Amino acid sequence: MNTIKNLILAALIEYHWHIIMRCRRKEEKMLEHGERLTSSRLMNLTKKIDYHGSKAFAYEDTYLAVNALD
């Protein structure tokens, strides 16, 4: 059962990191094209990165806790 749980947690961690990296690339392009730091588009993208970052770290902690029990 732990193998399945580890696989699911690993997939969730990878998913959230993929979203974070995609948003960071988008953020960099927006800044290169002169988007202001206080723009609503950039703020919304930052909120999305923060959300997925907190989820990724929470899943990583859970993953480490599950593997520590083995």
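Quick caveat: nothing in here was measured; it's all calculated off a predicted structure.

Trainee: Help me understand the nonpolar core, please; the structure alone is not making it clear to me.
Mentor: As a rule of thumb, nonpolar side chains are buried together in soluble globular proteins. Ile 19, Ile 20, Cys 23, Met 30, Leu 42, Leu 45, Ile 49 and Ala 56 form the largest nonpolar core, which has eight residues in total. Among the secondary structure elements, those contributing two or more residues to this core are α1 (2-32) and α2 (40-68). When neighbours within four sequence positions are excluded, Met 30 is seen to be in contact with Glu 35, Arg 41, Leu 42 and Leu 45.

Trainee: Got a minute to help me understand a positive patch on the surface in this structure?
Mentor: On the surface, Arg 22, Arg 25, Lys 26, Lys 29 and Lys 48 cluster together to form a positively charged patch. Among the elements that line the positive patch, the one with the most residues is α1, at four residues. Here Lys 26 shows up in helix α1. Under the relative-accessibility criterion, Lys 26 is labelled partly exposed at 44%.

Trainee: Hey, could you run me through the pattern of salt bridges in this one?
Mentor: Under the defined criterion, the tally for this structure stands at one salt bridge. Between Glu 35 and Arg 41 there is a salt bridge, and its shortest N-O distance comes to 3.5 Å. Glu 35 gets classed as partly exposed once you look at its relative accessible area, which sits at 22%. What makes Arg 41 exposed here is its relative accessible area of 52%.

Trainee: I tried to follow α2 on my own but got confused; where do I start?
Mentor: Every α-helical turn comprises 3.6 residues, leaving residues that sit three or four positions apart pointing alike. A rise of 1.5 Å per residue sets the reference length of α2, with its 29 residues, at 42 Å; its end C-alpha atoms lie 42 Å apart and thus fit the reference within 8%. Those residues of α2 that sit buried are Leu 42, Leu 45, Ile 49, His 52, Gly 53, Ala 56 and Val 66.

Basis of the calculations
Residues numbered from 1 in each chain as written. Predicted model: local features only at pLDDT ≥ 70, side-chain atom pairs only at ≥ 80, totals over all residues. Heavy atoms only, no water. Core = buried A, V, L, I, M, F, W, Y, C linked by side-chain atoms within 4.5 Å. Buried < 20%, exposed > 50% of the residue type's maximum accessible area, 1.4 Å probe, protein only. Helix = DSSP H or I, 4+ residues; strand = E, 2+ residues; numbered from the N terminus. Contact = heavy atoms within 4.5 Å. Patch = residues over 30% accessible without salt bridge, like charges linked within 9 Å, V, L, I, M, F, W, Y side chains within 5 Å. Areas by Shrake-Rupley, 256 points an atom, 1.4 Å probe, with all protein chains shown as cover. Salt bridge = Lys/Arg side-chain N within 4 Å of Asp/Glu carboxyl O. Lys, Arg positive; Asp, Glu negative; His and termini not counted. Charge placed at Lys NZ, Arg CZ, Asp CG, Glu CD. Expected span 1.5 Å × (residues − 1).

Note that all results are geometric; they support no functional claim without further evidence.
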